[in-house]
Amino acid sequence: MSTEFNIAQAAAQTRIASRAVAQLTTTEKNDLLTAMAAGIEARTESILLENQKDIQTGRDKGLSEAMLDRLLLTEQRVKDIADAMREIATLPDPIGNMSNVTLRPNGMQVGKMRIPLGVIAMIYEARPNVTAEAAALCIKSGNAVILRGGSEAIHSNLAIAHCLHNVLTEHGCDKNVVSVIPDTSRDVIEQLLKQKETIDLVIPRGGEGLIRYVSENSQIPVIQHYKG
């Protein structure tokens, strides 16, 4: 099975899931995010075990202490991830807000309404907390998300994704609302950036090199800033 086929299939599944998350009410989204936060805290031990695999691999590769610290998860850092998700749940729901409403001569009101984008792909580097926080922000705004993290944090990212998938399933939601790509090769990014039929927006988060690569190679609209 080719990499391109896998990425195309994952994007298509996330596209289908995006239709369901777009219809969730504010209460349903907030309840889901709160449950996800609790799920991550409840599985702290398993997340930390997977994180240690990333730390050991990083040491074997000679990563700097600064990079290892960015990778490291502790009980407090896992709690901070959960708290960040709870904080996102308390934010006002951006979906459905009306602005610039005007009354036309025929009596019709015309305005702008905020709606979900659909599928957002986020490409990021070492910090595993981004997996949970990006997923939470996308769900809060009624979007599905495809997450492609760096190889340094792959075990941690997949452990966090497993927690999120469990909660989505328990709440009767399609787990593909949050899709974490297990393949960390550069080829995967190249193929991901071609899925313009199923992905609506790409957000790169990391160093200037990553952001420039995504901006120059994406066939999908990109939100970026070269300095971070």
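Residues numbered from 1 in each chain as written. Predicted model: local features only at pLDDT ≥ 70, side-chain atom pairs only at ≥ 80, totals over all residues. Heavy atoms only, no water.

Moving on, we get to the overall build of the protein. Within the protein, the regular secondary structure consists of nine helices and six strands. The C-alpha atoms of the protein give a radius of gyration of 18 Å, which matches the 17 Å a tight globule of 228 residues would have. Projected onto the principal axes, the alpha-carbon positions of the protein cover approximately 70 × 40 × 35 Å. A separation threshold of at least 6 residues defines the contact pool for the protein, and within that pool the share at least 24 residues apart is 70%. Surface summary for the protein: the accessible area is close to 11,600 Å², and the carbon and sulfur share equals 51%. In the protein, the 24 positive side-chain charges and the 27 negative ones have mean positions that sit 6 Å from each other. (Helix = DSSP H or I, 4+ residues; strand = E, 2+ residues; numbered from the N terminus. Rg over C-alpha atoms; globule rule 2.2 N^0.38 Å. Contact = heavy atoms within 4.5 Å. Areas by Shrake-Rupley, 256 points an atom, 1.4 Å probe, with all protein chains shown as cover. Lys, Arg positive; Asp, Glu negative; His and termini not counted. Charge placed at Lys NZ, Arg CZ, Asp CG, Glu CD.)

What follows concerns helix H6 (residues 129-140). What sets the pattern is the α-helix's 3.6 residues per turn: residues three or four places apart point alike. Its 12 residues give H6 an end-to-end C-alpha distance of 17 Å, which sits within 8% of 16 Å, the value for a rise of 1.5 Å per residue. With nine of 12 residues buried, H6 lies mostly within the body of the structure. Within H6, the full set of buried residues consists of Val130, Thr131, Ala132, Ala134, Ala135, Ala136, Cys138, Ile139 and Lys140. Looking one or two places after H6, you find glycine 142, whose phi comes out positive at around 75°. (Expected span 1.5 Å × (residues − 1). Buried < 20%, exposed > 50% of the residue type's maximum accessible area, 1.4 Å probe, protein only.)

Going through the model one piece at a time under the given rule, you end up with zero disulfides. Cysteine 173 supplies the cysteine sulfur nearest to cysteine 138, a cysteine that is in no disulfide, at a spacing of 15 Å. Here cysteine 138 falls in the buried class, since its relative accessible area comes to 7%. We note that cysteine 163 lacks a disulfide partner, and the nearest cysteine sulfur, in cysteine 173, lies 16 Å from it. Look at cysteine 163 and you get buried, because its relative accessible area is 2%. (Disulfide = S-S within 2.5 Å.)

Turning our eyes to something else, we now look at the pattern of salt bridges. For the coordinates displayed, the defined rule picks out nine salt bridges. Shared partners join several salt bridges into a network, and the residues in it are Glu41, Lys79, Asp83 and Arg86. (Salt bridge = Lys/Arg side-chain N within 4 Å of Asp/Glu carboxyl O.)

This part covers the environment of asparagine 217. Topologically, asparagine 217 is positioned in helix H9 (residues 208-217). Separated by 26 residues in the primary sequence, asparagine 217 and glutamine 191 have C-alpha atoms spaced 9.9 Å apart. At 2.7 Å, the side chain of asparagine 217 and the backbone oxygen of tyrosine 213 are in polar contact. (Polar contact = N/O pair within 3.5 Å; in protein donor to acceptor, adjacent residues only side chain to side chain.)

Our focus in this paragraph is the sheet that holds strand E3 (residues 119-124). Here four strands make up an open sheet; going across it, the order is E5-E4-E3-E6 and the pairing parallel. Edge positions in the sheet fall to strand E5 (178-180) and strand E6 (201-205), since each of these pairs with one other strand and no more. Neighbour-to-neighbour, the strand axes of this sheet turn through a mean angle of 20°, independent of strand direction. Note: E3 against E6, five bridges, orientation parallel. Within the sheet, the bridge partner assigned to methionine 122 lies in E6 and is isoleucine 203. (Pairing = 2+ DSSP bridges. Axes fitted to C-alpha atoms, helices over the stretch in contact; angles between N-to-C directions.)

What follows deals with the nonpolar core. Counting residues in hydrophobic clusters, the biggest one holds 41 residues, and the most contacted among them are Met36, Ile40, Leu147 and Val178. Once you skip the residues sitting within four places of it in the chain, leucine 147 turns out to touch Met122, Tyr124, Thr131, Ala134, Ala135, Val178, Ser179, Val180 and Ile181. Counting 17 residues, the second largest nonpolar core, distinct from the first, contains Ile146, Ile189, Leu193 and Tyr213. (Core = buried A, V, L, I, M, F, W, Y, C linked by side-chain atoms within 4.5 Å.)

Those residues of H9 not exposed but buried are Leu210, Ile211, Tyr213 and Val214. End-on view of H9: buried residues confined to an arc of 160°, all on one side of the axis. Every exposed residue of H9 that faces more than 90 degrees away from the buried side is listed here: Gly209 and Glu216. Buried residues along H9 sit in contact with E3, helix H8 (186-192) and E6. (Arc of directions from axis to C-beta.)

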